[in-house]
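Commentary on secondary and tertiary structure
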Amino acid sequence: MKKLINAVNTVVEDMLEGVVLANQGLVLLDGENVVVRQDFQALKAAHKVAIISGGGAGHEPAHAGYVGQGMLTAAVAGPVFTSPSVDAVLSAIMTVAGPAGVLLIIKSYTGDRLNFGLAAEIARTQGVKVEVVVVGDDVALDDAGRAVGRRGIAGTVFIHKVAGAAAEAGLSLEEVQREAEQAAAGLFSMGLGLSSCTVPAAGKPGFVLGEDEVEYGLGIHGESGVRRETIQSADVMVQALLERILEQGQFKAGERAVLMVNNLGGTAAQELDIVARRALLGCQAHGVKVEAVLVGTFLTALEMAGCSLSLLRADDGRLARLQAATSATAWPGMTVPNRQLVRQPCINVAAASAEQGASWSAAQAARFKAVISRITSALREQEQKLTELDSVVGDGDIGISLARGSLAIEEALDGLDLERPAVALQQISAILRRALGGTSGPLYAVFVLRAGASLAGARNPATVTSWSEAFSAGCDGIVKLGGAGMGDRTMLDALLPVAAVLKAGAADASALSAAQAAQAAASKGAAATRDMLPLKGRSSYIGQRALGHVDPGAYAVTIWMDAIVQALSA
Ligand code: ADP
Ligand code: MG
């Protein structure tokens, strides 16, 4: 077990102290794991009904996260996955009870029913008005008729909200209770788990799921579910949950509802949105009008990976309760979903606005094409080698990136304006901008863009001098955009020596001899990076450990320099 805790037996206390330290609106009952609204006395004076919920800990942000104006007045926490004691509940009731009375909202588990039930009974003998609403929204297990009834899971948070808003609006205890009960009768949930979770005191997972297994209909206390299956696509699994909910809840086309997509604790926000997508599309396909939606982490089973869906029938009155303001930190507010995906037409940023420049002969265009092809195939051939180099000092993606960019250029090659090299370079820059990611992407894109712009200004694009100037302009672009210079251990350590060599010898060199001189300068420059401390880019994070390894970006320059020489000598 690996957890950010201090000690197994102080988990709940430490957590609640954190919650209260972070929020001026909350206080902690001395000696009990009960979080209370700081202004609870004022509520009594205002004759507002107090709302209490709670249960075992481990469902965070439930329940303390829902304490606040417009939601819970107090939350009682038991040990992890264990119902709180009668006395803990009773102290919460006696603290917040005013003349308007107290409503307890509990999830349907035997322990919670007994402890909250007995506390309510004792409070009544002391003259406090107390009512209880039991929520059983989980449709996984059994039909509502079975002896123990349905369990209460994440949908319960909707009931906190409805009751809290009704109490805030000044309704009587009976009225608040009725609204909560009516809402609970229209609430249906089901979850699936991709992993188990570990109760700190137990030290090991409650059950074990294989790499490819998914558990449908599990409880929120790490108890296993109704069936175990091989994992499928998110769409298939979410649809299975939704269908059970729609069927058990007898939702008909045209009905209105609100949806909660809940993270069981260990699921990436990314996956939750993928779940929300299918759930919303599925509701739409069924004809259920989702009026508002919540996507996030609302009621968890510690760090369990997985999700649950809850659907609550809603009319205007209930929607108003759900949309009413609250200061509870774990209630982010419901969004109103789009009925269909709204796509805004996108401005075509890829459209070329190239500076034209002079053209050259068809023979030169053919040679240019051969050079480009040789470069792209060389970069693709050397993908593995580049990956290895970048894995040592970076994140291993430069090989994939350059191969992807090369492929994109190959695919576009026949459509390039190769007879006007300035235009072709600017077209290539636009391709690289889209296809090449990481740091290399924008740097190569600016290199080729500036080179193209320089060439557009040249009287004759066929001279070595024109290309030498274009090369220097490209290097300037990289320096400007990336902020690195000679000796920073980047591709510039290969590129800048080339620019210098070309400048010095350009006027009287042939294209091939210029390329050979460039190749030699690039290789020398790249080799020198072995002894340089990384100061720019991702490898700067590993400092000294980069020493002895050639910079992958500089090495990539040698690959395409070699390719140019090969193509020109052919
Ligand atoms: P990322 O670090 O984003 O994964 P890539 O893997 O695409 O980047 O490229 C890494 C290479 O980028 C480095 O090996 C280095 O040569 C080059 N590089 C990083 N930062 C700069 C910079 N500021 N200027 C020029 N080149 C840089
Ligand atoms: Mg990288």
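Residues numbered from 1 in each chain as written. Chains lettered and ligands numbered in written order. Predicted model: local features only at pLDDT ≥ 70, side-chain atom pairs only at ≥ 80, totals over all residues. Heavy atoms only, no water.

1. A closer look at the site of ligand 1
To be explicit about the condition: The nearness test applies per residue and asks whether one of its heavy atoms lies within 4 Å of the molecule or strand. Polar contacts, as used here, are pairs of N or O atoms within 3.5 Å; protein pairs need one atom able to donate a hydrogen and one able to accept it. Residues neighboring in sequence count only if both atoms are side-chain atoms. Each accessible area is a Shrake-Rupley estimate made with a 1.4 Å probe; only the visible protein chains count as cover when residues are assessed. Strands here are runs of E lasting at least two residues and helices are runs of H or I lasting at least four, both read from the DSSP assignment and numbered beginning at the N terminus.
Around ligand 1 sit 20 residues in total, of which D397, T439, S440, M491 and D551 are the nearest. The contact in question runs from an oxygen atom of ligand 1 to an N or O atom on the side chain of D397, over 2.9 Å. Within the backbone of G482, an N or O atom sits 3.0 Å from a nitrogen atom of ligand 1. Relative to its unbound accessible surface of 570 Å², ligand 1 loses 95% to contact with the protein. Mapped onto the shell around ligand 1, the elements with two or more residues apiece are α14 (440–456), α15 (464–482) and α18 (552–569). Per-element tally for the shell around ligand 1: the top contributor is α18, with three residues.

2. A few points about the coordination of the magnesium ion (ligand 2)
Selection rule: Here the coordinating atoms are restricted to nitrogen, oxygen and sulfur within 2.8 Å of the metal centre, or 3.2 Å for Na, K and Ca, and because water is not among them the sites may look incomplete. Buried means the residue's accessible area, taken with a 1.4 Å probe over protein chains only, is under 20% of the maximum for its type, while exposed means over 50%, and partly exposed covers the values in between.
The protein atoms that coordinate the magnesium ion (ligand 2) are D390 (OD), D395 (OD) and D397 (OD), at distances of 2.0 to 2.3 Å. Linear spacing of the donor residues for the magnesium ion (ligand 2) on their chain is D-x4-D-x1-D. Taking relative accessible area as the criterion, D390 reaches 8% and is therefore assigned buried. We classify D395 as partly exposed; its relative accessible area is 36%.

3. Some points on a nonpolar patch on the surface
Cut-off, in case you're wondering: Note on patches: the residues involved have over 30% relative accessible area and no salt bridge, like charges join within 9 Å, and the nonpolar side chains Val, Leu, Ile, Met, Phe, Trp and Tyr join within 5 Å. Basic side-chain nitrogens of Lys or Arg form a salt bridge, by our definition, when they fall within 4 Å of a carboxyl oxygen of Asp or Glu.
A cluster of nonpolar side chains, M1, I5 and V8, forms an exposed patch at the surface whose accessible area comes to about 250 Å². Here V8 lies in the segment before α1 (11–21). According to the relative accessible area criterion, V8 is partly exposed, its value standing at 41%.

4. Describing the packing of helix α12 (residues 398–412) against helix α13 (residues 421–435)
Spelled out, the test is: Here an angle of 0 to 180 degrees is reported between the N-to-C directions of two axes, which are lines fitted to C-alpha atoms, with helices fitted over the stretch in contact. Oblique is the label for every angle not falling under 35 degrees (roughly parallel), over 145 degrees (roughly antiparallel), or within 65 to 115 degrees (roughly perpendicular). Handedness of each helix crossing follows the sense of rotation of the near helix against the far helix: counterclockwise by less than a right angle gives left-handed, clockwise gives right-handed. When checking whether two residues touch, look at their non-hydrogen atoms; a contact exists if any pair is within 4.5 Å. Ten residue types, Ala, Val, Leu, Ile, Met, Phe, Trp, Tyr, Cys and Pro, are classed as nonpolar, four, Asp, Glu, Lys and Arg, as charged, and the remainder, Gly among them, as polar.
As a packed pair, α12 and α13 sit with axes 9 Å apart at the nearest point and diverge in direction by 135°. In terms of their interaxial angle, α12 and α13 are classed as oblique. Relative to α13, α12 is oriented so that their crossing is right-handed. The segment α12 lies against α13, with R404, G405, A408, I409 and A412 engaging I428, I431, L432 and A435. The residue inventory of the contact of α12 with α13, partitioned by class, reads seven nonpolar, one polar and one charged.

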